[in-house]
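# Architecture and fold: a report
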Amino acid sequence: MAIDWPISPRRLRELGVLGMNQRNGEFIAQMNERRYYPLVDDKLLTKELAEESGLRVPALYGVIRSTHEIKQLAKWVGEHEEFVIKPANGAGGDGILVIDGKQSDKPLVYRKSSGRAIGIDAIGLHISNILAGAYSLGGRPDVAMIEYRVKFSPLFEKISFQGVPDIRTIVYRGYPLMAMVRLPTTQSDGKANLHQGAIGAGVDMAGGHTLDGVAHNRRVTHHPDTREPISGVAIPEWQSLLEMAAKCSDMTGLGYLGVDVVLDRELGPLILELNARPGLSIQVANGEGLRHRIERVDQHVDHLSRDETAAERAAWSREHLAPMNL
Amino acid sequence: MRRLHLLFVVLLLTAVGLSVAWYKYDTLGFPLTPDRETETWTVEAQIAVDPGTAPASVRFALPSDPPHYTLLDEGFVSRGWGLTTQSSDRQREAVWTKRNPEGNQTLYYQATVYRDQEEIQPSPYPGPAAPPKLEEPLKSAAESFVEDIRAGSADIQTFATLLVKEVNASRPDENIAAFLKPDATETERTRLAIRLLAIARIPARMSHGVMLTDEGRNLTPTTWLEVHNSRRWVPIDPRTGTVGYPRQFLVWWHGDQPALTTSGLEDVELTFATTRNLRDAVETAQLQSTIAESRLMDFSLLDLPIDAQNTYRILLLVPLGALIIVLLRNVIGIRTFGTFMPVLIALSFRETQLVGGVVLFTLIVALGLAIRFYLERLKLLLVPRLAAVVIVVILLMALISIVSHRLGLDIGLSVGLFPMVILAMTIERVSIVWEEHGPGDALAQATGSLVVAALAYLVMVNAYVTHLFFVFPELLLVVLAFTLLIGRYTGYRLTELFRFRAFKTLAQARRPEPTGNDRPGEPR
């Protein structure tokens, strides 16, 4: 096999690909005021904020704040047999436990999304680890959230394996900039994490159709598990999904933001979480650098006489941020 | 604006750091490399006195600011004698006094000197010399002699050289034969040269000094001639007319008088003894700067107690390690566990050596991980689990030490120097990454940490680097400046050129061209 040589920095710059240092130094540091970080780092706060702004989020069943409250888990879960337990301040999707159903009542045993059984004691231990800060940045004590388990829409069923595919949109100065769909694979163990082998598929801004995907920085046209073509899937309610993302920017005051949305079978698009430091893989998934789109948004915003509404911004992005290649 | 500001701070820090370091190197003589030794000389003046019964006093000229040399240290040994030192404009002297001296005694003066300058320092012009009063016909003879020499010389220096040569010629010019007894001593010839130079109004003086020889005993002072060329005193050998002092000539006193003036003594004898020493260059520079009364050295680490010094020898390397981390993470893009964990590991490598350190580190982390996975099955709470890992790590360290000692491998003993809490945290982090992101990620980050630690170690253990930062801690300002500069680096990381290499083909693949999928939304 031919050696896969690295790309030259000049070519990368031409393509407008954003590097980690530039993202941190020129965008996150300049566009995101630090005091707004807790709004996105604390998922509990994000959820409250989103609900106030009229954005749809997975329903919160309950919050466990201290070890002695772990016993109340059953009370919070109630009749729900499917639920998700996650740390409010988890970093990088760590510590999320997805319960898919109840296996038996006595003893109380649930089933994880992977299909494995998990007893109520083990769930309690997982929660106590969350509380002790095992998954939070810097090991600070945390709280555990119990929330609605998304019944993901069959839209991506053919091109994902287990887990929940989500749609990541980067919003810059309130304008949706670029989007991708993250599709879990066997290799990623059902997680929508590109590092672990999930597929990132670019999304055409104008129409909300998936493009070809990328796995491990290589282009893929078909899902490795289902063998279905990745491109050409139309995301429904694309306009309202982009509007949601744009509103998140207003709601948090962050100028450079990643918005993760899941499509629920019954509830439609739900905001899963926000990220003040969204990753750069979205560029690989779209085969395009962020830089040129950022410049177009800058140009547009600098010539505006009034602030545009979220709907106007979403429409502008759809019209003007189509792929631009060199 | 922000860029300019940063640039200004960076330039300022660099300038201050480098200029202080340069001053210490150039002026105070601190060596840039370790283990440099400088040559110093110990000169001992022995004054053997045979006092009578009357109160005695001995005045002895002391070296002050000798050309080419710096006085590092001096001391007096004179039991039972009262000692004062005094200095007039260009001459220092020691005065020993005793009311009831008895028997032969020896007074000692010891000086340590160090050759530190090649150039003779300029000194103000003392004004033209007053011509000596001479009777005819001596006056005419001297003047015509001086005229002859003036005709054959270009400047003061060559004039003086020619004159000295004439005075020492085996068959001297008839004009000066009258001034010179055939058996004239060196001092007399020098004295004559000074008088003749005065006719030409050239200021000249006598100097006396000691030839420094290793293990030199019973040395006597040698006379030299100095003429002022309007910028500085130029030494001329009164025997040969050669310009300049020999390399190992230490000027002791100036003027046409003996070094010793005594009263109440029956007999006195002055001899010199010299020894060559090798001294640590840093120590020499330190002494020298104390003598130069450099304010800078009031803030030197070299004045701290030794154990504090040793602490700082290591501490001062941490910034360098931090800089390496910054470079490797932000410019190269290597991922590590914990930001500065590799620096701490690198510090402990100093004791274990590199290979031993890497082996021990890998061993402990691997064993610790195995235990950690077992503890995972026990479903412990986070803090007790961390504590359990710390305990296990320490037990492992003790075990490794004992086993390796049994096997006769001393390297295992130094494992105790690993920062065990850091190790325990590392094990915990590795296991979380292992579970959440898979073994691949965990191993990649662990290897990254180890590579960074090894690189940091290699830089930090370097004898030159250690020496440089300890003797010139102001260089840390340069490190700080460089770190600030990288803080604004927004270019690609080296690893990103690999990460984004798909763009070599991706960008072409995404060119707007209609495909079978009928993608909508091309630019309108």
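It should be emphasised that the depicted structure is a prediction, and the values quoted were computed from it without experimental measurement.

Scanning chain B for helices and strands turns up 16 helices and 13 strands. At a minimum sequence separation of 6, the contacts of chain B that also span at least 24 residues come to 76%.

This brings us to the overall build of chain A. Helices and strands together make up the secondary structure of chain A, namely 10 helices and 13 strands. Residues counted as buried form 48% of the 326 residues belonging to chain A. Considering only contacts in chain A between residues 6 or more positions apart, those separated by 24 or more positions represent 61%.

Moving on, we get to the packing of helix H7 (residues 238-252) of chain A against helix H10 (residues 310-320) of chain A. Residues and elements named next belong to chain A. Where H7 meets H10, the closest approach of the two axes is 8 Å, and the angle between their N-to-C directions is 120°. Classified by the angle between their axes, H7 and H10 sit oblique to one another. For the pair H7 and H10, the crossing hand works out as right-handed. Contacts between H7 and H10 involve Gln239, Leu242, Glu243, Ala246, Lys247 and Asp250 from the first element and Ala310, Ala311, Arg313, Ala314, Ser317 and Arg318 from the second.

Here the focus is the environment of Gly82(B). All names here are of chain B. As for its placement among the helices and strands, Gly82 is situated in strand S4 (residues 82-87). On the basis of neighbour counts, which here come to 11 C-beta atoms within 10 Å, the residue Gly82 falls in the exposed class. Not counting residues up to four positions away in its chain, the partners in contact with Gly82 are Trp96, Thr97 and Lys98.

Attention now goes to the sheet that holds strand S1 (residues 60-64) of chain A. All names here are of chain A. Within the open sheet, the six strands sit side by side as S1-S6-S2-S3-S4-S5. Their pairing is antiparallel. Every other strand in the sheet has two partners, leaving S1 and strand S5 (117-119) as the edge strands with one partner each. Sheet twist, expressed as the mean angle between neighbouring strand axes with direction ignored, is 35°. Sheet analysis places strand S2 (residues 83-87) next to strand S6 (residues 144-148), joined by five bridges and oriented antiparallel. Looking across to S6, one finds that Pro87 is bridged to Ala144. Docked against the sheet, helix H6 (residues 120-132) engages S1, S2, strand S3 (97-104), strand S4 (109-112), S5 and S6, running at close to 75° with respect to S5.

Here chain A averages 87 in pLDDT, while 98% of its residues score no lower than 70. Strand S7 (residues 166-172) of chain A holds the highest mean pLDDT among the elements of chain A, 94, whereas helix H5 (residues 73-77) of chain A holds the lowest, 81.

To continue, consider the pairing of strand S7 (residues 204-211) of chain B. Residues and elements named next belong to chain B. Judged from the six bridges that link them, S7 and strand S9 (residues 222-228) form a sheet pairing that is antiparallel. Along S9, the bridge assignment pairs Met206 with Leu225. Bridging between S7 and strand S11 (residues 249-254) involves five bridges; their strand directions are antiparallel. Within the sheet, the bridge partner assigned to Gly209 lies in S11 and is Val251.

The subject of this paragraph is the sheet that holds strand S9 (residues 199-203) of chain A. Residues and elements named next belong to chain A. If you walk across this open sheet you meet the seven strands as S11-S10-S9-S8-S7-S12-S13, and the pairing is antiparallel. Edge positions in the sheet fall to strand S11 (218-220) and strand S13 (268-275), since each of these pairs with one other strand and no more. Sheet twist, expressed as the average angle between the axes of neighbouring strands with direction ignored, equals 30°. Here strand S8 (residues 175-183) runs beside S9; their pairing, made up of four bridges, is antiparallel.

What follows is about helix H2 (residues 138-151) of chain B. Residues spaced three or four apart along an α-helix face the same direction, because each turn holds 3.6 residues. Residues and elements named next belong to chain B. Across its 14 residues, H2 extends 20 Å between first and last C-alpha, which sits within 8% of the 20 Å expected from 1.5 Å per residue. Those residues of H2 lying buried are Ala142, Phe145, Val146 and Ile149. Buried residues of H2 fall within an arc of 95° about the axis and therefore sit on the same side. Turned more than 90 degrees away from the buried face of H2, the exposed residues are Ser140, Glu147 and Ala151.

What follows is about unusual backbone geometry. Residues and elements named next belong to chain B. With a phi angle near 50°, Asn218 is a residue other than glycine that sits in the positive phi range. Within the secondary structure layout, Asn218 lies in strand S8 (residues 216-219). Residue classification places Asn218 among the exposed positions, given that 9 C-beta atoms sit within 10 Å.

The next point concerns the interface of chain A and chain B. Contacts between the two partners involve 43 residues from chain A and, on the opposite side, 38 residues from chain B. Mapped by element, the contributors of at least two residues to the side of chain A that touches chain B are helix H1 (9-14), helix H2 (20-31), H6 and S11 of chain A. Residues of the side of chain A that touches chain B, tallied by class, amount to 20 nonpolar, 16 polar and seven charged.

Before going further, it helps to spend a moment on the environment of Tyr108(B). All names here are of chain B. Position of Tyr108 relative to the elements: it lies in strand S6 (residues 105-115). Classification of Tyr108 as partly exposed rests on a count of 14 C-beta atoms within 10 Å. A sequence separation of 29 residues divides Tyr108 from Arg79, and the C-alpha atoms of the two residues are 9.6 Å apart. With near-sequence residues (within four places) excluded, Tyr108 lies in contact with Glu44, Gln46, Phe76, Val77 and Ser78.

Residue and element names in this part refer to chain B. Its location among the elements puts Ala198 in helix H5 (residues 186-199). Among the residues examined, Ala198 registers 18 C-beta atoms within 10 Å and is labelled partly exposed. Spatially, the C-alpha atom of Ala198 lies 6.8 Å from that of Pro132, the residues being 66 residues apart in sequence. For Ala198, the residues in contact, after removing those within four places along its chain, are Ala129, Ala130, Pro131 and Pro132.

So, on to the nonpolar core. One finds Val171(A), Leu177(A), Cys248(A), Val261(A) and Ile271(A) to be the most contacted residues of the largest nonpolar core, which totals 73 residues. The biggest single contributor to this core is H7(A), with eight residues. With near-sequence residues (within four places) excluded, Val171(A) lies in contact with Pro176(A), Leu177(A), Ala245(A), Ala246(A), Cys248(A), Ser249(A), Leu257(A) and Val259(A). Grouped together as the second largest cluster of nonpolar side chains are 53 residues, Ala61(B), Tyr114(B), Ile236(B) and Tyr245(B) included.

Attention now moves to helix H4 (residues 43-52) of chain A. All names here are of chain A. Among the residues of H4, Lys43, Thr46, Lys47 and Ala50 are the ones counted as buried. All buried residues of H4 project into a common sector of 100° when viewed along the axis, lining one side. Against helix H3 (37-41), S1, S2, S6, H7 and S13 lie the buried residues of H4. Phi for Gly54, located one or two positions after H4, is positive at around 75°.

Moving on, we come to the pairing of S3(A). The side chains of a regular strand alternate between the sheet's two faces. Residues and elements named next belong to chain A. Note: S2 against S3, three bridges, orientation antiparallel. Bridge pairing in S3 links Val84 to Val98. Of the pairings in the sheet, the one linking S3 to S4 comprises four bridges and is antiparallel in character. The partner of Ile99 across the bridge, within S4, is Lys112. Two successive antiparallel strands, S3 and S4, enclose a turn made up of four residues.

Cut-offs and rules
- Residues numbered from 1 in each chain as written.
- Chains lettered and ligands numbered in written order.
- Predicted model: local features only at pLDDT ≥ 70, side-chain atom pairs only at ≥ 80, totals over all residues.
- Helix = DSSP H or I, 4+ residues; strand = E, 2+ residues; numbered from the N terminus.
- Contact = placed C-beta atoms within 7 Å.
- Buried ≥ 20, exposed ≤ 12 C-beta atoms within 10 Å, placed from the backbone.
- Axes fitted to C-alpha atoms, helices over the stretch in contact; angles between N-to-C directions.
- Parallel < 35°, antiparallel > 145°, perpendicular 65-115°, else oblique.
- Left-handed = near helix turned anticlockwise from the far one by under 90°.
- Pairing = 2+ DSSP bridges.
- pLDDT = per-residue confidence, 0-100.
- Expected span 1.5 Å × (residues − 1).
- Arc of directions from axis to C-beta.
- Nonpolar A, V, L, I, M, F, W, Y, C, P; charged D, E, K, R; others polar.
- Core = buried A, V, L, I, M, F, W, Y, C linked by C-beta atoms within 7 Å.

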